[in-house]
Amino acid sequence: MRFKFTLLLALILSVLLTDCSSTISDKLGYNIHKKAVSSMGMVVSAHPLASEVGTNILKQGGNAIDAAIAVQLALAVVYPAAGNIGGGGFMVFTDQKGQTVTLDFREKAPSAANRDLYLDSKGDVIEGLSTSSHLAVGVPGTVDGIFTIFEKYSKLKNFDLLIKPAIELAANGYKITAEEANDLNYSESEFKRLNKYAIPFVRSTAWKQGDVLKQTDLAETLQRIMNNGRSEFYEGKTAEMLVKCISENKGIITLDDLKKYKSVWRKPIAGHYRGYTILSMAPPSSGGVLLLQMLKMLEPYDLKTMGFQSKQYIHLLTEVQRRSYADRSVYLGDPAFVKIPVHQLLDSMYLLSRMRNFNPLRAIPSKLISAGTMPLPHESEETTHISIIDKDGNAVSITTTLNSSYGSNIVVNGAGFILNNEMDDFSIKPGNLNQYGLIGAEANAIQPGKRMLSSMTPTVVMKDGKIFAVVGSPGGSTIITTVLQVLVNLIDHKMDPYDAVQAGRFHSQWLPDKIYVENGLWSKQLTRQLEEMGHAIESRTDIGRVEAIVRNMDGTYIGIADKRGDDDVEVVK
Ligand code: GLY
């Protein structure tokens, strides 16, 4: 009797908790769904208004590509920290027949860029030049990416319909969340320093939750793009405004750089893990190669038996991550400029050999793992991900970014959009010869017209010819280990999809030789045990903000928005 009562209580509690964790109606009236199920299509993004815009497009008969364009444009308005038209990104698209293509709309170095752009006469890095100056801006790819996918895959064939919601949000304004108010207040001094004219992100009093942010210049820019198409951004008035803003402040992007920008269709990085097919982004993102390397190195081990977040499990993942990130630093860059041995990096024998010196009891110091001697460059974590599936089973996985939060903090005067600071993703001071004669990070050195190396990992996972998961995350260098852990949670630990996304995460990347762990995730005892094995542990704030869609056993899909932000799932019913 007592047992039955406890069971009933546990059942009621679990239902209550599930409901609480799935929908939050915040003070602004936004309905933030952390999980939702549908077979009619869904959108998961970093902002409830953007997810709603995308879902409305699906309801009007648009496909996943139509919705993705509308969401990308809406995020440029309602999530200016990372949503953008002045940045770039990558898309993995799997159509209803299971065919996958990927689009690279990554930014490029301007033609006047050179290897030593950010170094002084002594060869030292000039602090801030590659992050917070007009020289930090890469040639934006987002608008070209949007038109490229529209022309090839749009079902609605009506661009106006896709851009109008963004124009309205910019013109009429929207209520900012507490997190956005904090972010804007935090960035105020940089906004003021870099923009000597009025911009909508700065006002005389501090921002607070519920304040309305209107962006009239941005609304006009979007309107011009609606009227004139792609060429407005790359050759029209908007291009002229961008170049004027850059050139008046010692930047180097020219009209010719903009005119020449082109997105690139690329073959996905594809491979298998325990019967699942992983489809992810090829270089110039390191995401796909590293994700598959790590999965393949893990495959011989029984992770389920080791146990989620057990000492052995954390140790193994860390050793795998160490080896992959060491390879990243030496071999990966823009394939148009460097020969990347993708095939060899993913070769099973090579990966087995990488793990030959794995010691299940002791950490191997990073300096013994690779020829590289350079620490990996710091990567900013403010990026954003969009996962979409439509009723026909077309799936879009887009990760898009300005690099830092609000990119360079530069708003194009009169045009109202924020410019990226993606040039900082280059290796701005490639390493010296190391003891093995290799030059760390040379593959990612700056060259005119080159794309900077990325960690973005938009991914689609297939099982038995059907989409199993659509997943991605922001997080700079932590993106790849975030996506890895979500997949391992789903595939190895057989976690419920909601838990697989929300579970605590950790990250390591060869150098610095540390494991970063989300605050409070590990007990003191576990931390001590890992330290005894030779690991250095550092607690930190959230790692990643995942937007995921996972297929349920009954053929419906569940969307999961990361609890770490205002992220939201909207579904078609
Ligand atoms: N800017 C972050 C990345 O591309 O990985």
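As the structure is a prediction and not an experimental result, all values here were calculated from the model. (Residues numbered from 1 in each chain as written. Predicted model: local features only at pLDDT ≥ 70, side-chain atom pairs only at ≥ 80, totals over all residues. Heavy atoms only, no water.)

> For the overall build of the protein chain, give the residues involved together with the corresponding values.
A tally of helices and strands in the protein chain yields 18 helices and 23 strands. At 23 Å, the protein chain has a C-alpha radius of gyration in line with the 25 Å of a compact globule built from 573 residues. Each of the three principal axes of the protein chain carries a C-alpha extent, and together these read 65 × 65 × 50 Å. For the protein chain, the residues scored as buried account for 62% of the 573 residues in total. Summarising the internal contacts of the protein chain: among those between residues at least 6 apart in sequence, 72% fall at separations of at least 24. As displayed, the protein chain offers around 22300 Å² of accessible surface, 54% of which is attributable to carbon and sulfur atoms. Treating the 61 positive side-chain charges of the protein chain as one cloud and the 61 negative ones as another, the clouds have centres 3 Å apart. (Helix = DSSP H or I, 4+ residues; strand = E, 2+ residues; numbered from the N terminus. Rg over C-alpha atoms; globule rule 2.2 N^0.38 Å. Buried < 20%, exposed > 50% of the residue type's maximum accessible area, 1.4 Å probe, protein only. Contact = heavy atoms within 4.5 Å. Areas by Shrake-Rupley, 256 points an atom, 1.4 Å probe, with all protein chains shown as cover. Lys, Arg positive; Asp, Glu negative; His and termini not counted. Charge placed at Lys NZ, Arg CZ, Asp CG, Glu CD.)

> Could you give an account of the site of the ligand, naming the residues involved and the relevant values?
Near the ligand you find nine residues, and of these Asn403, Glu422, Asp425, Ser454 and Ser455 are the closest. With respect to the ligand, the side chain of arginine 106 contributes an N or O atom lying 2.9 Å from an oxygen atom. Here asparagine 403 contributes a side-chain N or O atom positioned 2.8 Å from a nitrogen atom of the ligand. Burial of the ligand by the surrounding chains reaches 100%, relative to a free accessible area of 200 Å². Residues belonging to the shell around the ligand are distributed by class as follows: one nonpolar, four polar and four charged. (Near = heavy atom within 4 Å. Polar contact = N/O pair within 3.5 Å; in protein donor to acceptor, adjacent residues only side chain to side chain. Nonpolar A, V, L, I, M, F, W, Y, C, P; charged D, E, K, R; others polar.)

> Give me the environment of leucine 117: which residues, what numbers.
With respect to the helices and strands, leucine 117 occurs in the loop between β6 (100-105) and α4 (142-153). Using a relative accessible area of 14% as the deciding quantity, one classes leucine 117 as buried. Counting along the chain gives 13 residues from leucine 117 to serine 130, while the straight-line C-alpha distance between them is 8.5 Å.

> So what about the sheet that holds strand β22 (residues 557-561)? Which residues, and what values?
Within the open sheet, the seven strands sit side by side as β3-β22-β21-β17-β16-β11-β10. Their pairing is antiparallel. Each having just a single partner strand, β3 (35-38) and β10 (269-273) make up the two edges of the open sheet. Taken over all neighbouring pairs, the strand axes of this sheet differ in orientation by 20 degrees on average, direction set aside. Pairing analysis gives five bridges linking strand β21 (residues 547-551) to β22, with the strands arranged antiparallel. Paired with valine 550 across the strands is isoleucine 558, a residue of β22. Across the face of the sheet, helix α11 (residues 287-298) comes into contact with β10, β11 (276-280) and β16 (459-463) while running at roughly 15 degrees to β10. Its contacts with the sheet put helix α16 (residues 478-491) on β10, β11, β16, β17 (466-472) and β21, and the angle it makes with β17 is roughly 145 degrees. (Pairing = 2+ DSSP bridges. Axes fitted to C-alpha atoms, helices over the stretch in contact; angles between N-to-C directions.)

Shape descriptors only; they carry no functional weight alone.
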